[in-house]
Amino acid sequence: MASHPRRGGVKFVLLHHGACPGDRFHYRIAPDGTVRAELAEAERGQHPRSIGVVIDGDFDVDAPADAQIEALKGLLLTLKLRYPDVQLGAHRQVRGGPPTTCPGRRFPMKALAAWSRDELLRQRQDVLTRDFESQYSKI
């Protein structure tokens with residue numbers, strides 16, 4: 001997707017599961033790990049100042065597939081490169097809405113949040129370093 005014209009306005013990547021009654025998500029991740037853009041990042045999704053990602057499945061019942069978690073991590077890296085200050089959040093953390101368990105009780109939110117704080121930042125730096133160094137490798 002093209003860069004977001006409101007770069008400073010995106011504060012969160014909010015995760016949802018397929019059992020969420022909401023709509024207007026920017027990305028959808030299928031059980032096989034396929035990532036599909038559904039809404040341009042420049043458009044307002046379900047929540048203001050956020051990029052909404054829905055992972056297909058009911059994670060109050062089942063855990064997400066490994067392929068979905070790996071695809072989500074790849075998407076999060078892409079979004080972190082595009083929006084360096086973006087934070088990861090779960091729909092259930094949004095204030096002011098009806099109570100929800102979204103993205104589900106069996107979704108590994110704590111583990112993903114820890115990965116986001118540690119590994120995602122390292123991966124982002126690795127990509128930036130590699131891209132910078134590749135500009136000078138043939139001198």
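This report concerns the structure included in the present document. Source: prediction; values computed, not measured.

**What to know about the side chain of His 16**
Assignment of secondary structure puts His 16 in strand 1 (residues 12–17). Engagement of the side chain of His 16 in a polar contact is seen with the side chain of His 91, the distance being 3.3 Å. Excluding its chain neighbours within four sequence positions, the residues that come into contact with His 16 are Phe 25, Gln 46, His 47, Val 53, Val 54, Ile 55, His 91, Cys 102 and Pro 103.

**Thoughts on the environment of Arg 117**
Inspection of the secondary structure assignment puts Arg 117 in helix 2 (residues 109–134). Judged by relative accessible area, Arg 117 falls into the exposed class, the value being 53%. Counting along the chain gives 95 residues from Arg 117 to Gly 22, while the straight-line C-alpha distance between them is 27 Å.

**A look at the packing of helix 1 (residues 66–82) against helix 2**
Remark: helix 1 packs on helix 2, axes separated minimally by 10 Å, with the N-to-C direction vectors making an angle of 60°. Between helix 1 and helix 2, the angle falls in the class oblique. Helix-helix and strand crossings are classified by hand; for helix 1 and helix 2 the assignment is right-handed. Contacts between helix 1 and helix 2 involve Leu 72, Lys 73, Leu 76, Leu 77, Lys 80 and Leu 81 on the former and, on the latter, Leu 112, Trp 115, Leu 120, Leu 121, Gln 123, Arg 124, Val 127 and Leu 128. Its residues assigned to classes, the contact of helix 1 with helix 2 comprises 10 nonpolar, 1 polar and 3 charged.

**Observations concerning the pairing of strand 1**
Side-chain direction in a regular strand flips from residue to residue, so the side chains alternate between the two faces of the sheet. With 5 of 6 residues buried, strand 1 lies mostly within the body of the structure. Here 6 bridges tie strand 1 to strand 4 (residues 50–55), and the two strands are oriented parallel to one another. What sits directly across from His 17, in strand 4, is Ile 55. For strand 1 and strand 5 (residues 87–90), the ladder comprises 4 bridges, and the chain directions are parallel. Residue pairing in the sheet places Phe 12 in a bridge with Gln 87 of strand 5.

About the thresholds
- Residues numbered from 1 in each chain as written.
- Predicted model: local features only at pLDDT ≥ 70, side-chain atom pairs only at ≥ 80, totals over all residues.
- Heavy atoms only, no water.
- Helix = DSSP H or I, 4+ residues; strand = E, 2+ residues; numbered from the N terminus.
- Polar contact = N/O pair within 3.5 Å; in protein donor to acceptor, adjacent residues only side chain to side chain.
- Contact = heavy atoms within 4.5 Å.
- Buried < 20%, exposed > 50% of the residue type's maximum accessible area, 1.4 Å probe, protein only.
- Axes fitted to C-alpha atoms, helices over the stretch in contact; angles between N-to-C directions.
- Parallel < 35°, antiparallel > 145°, perpendicular 65-115°, else oblique.
- Left-handed = near helix turned anticlockwise from the far one by under 90°.
- Nonpolar A, V, L, I, M, F, W, Y, C, P; charged D, E, K, R; others polar.
- Pairing = 2+ DSSP bridges.

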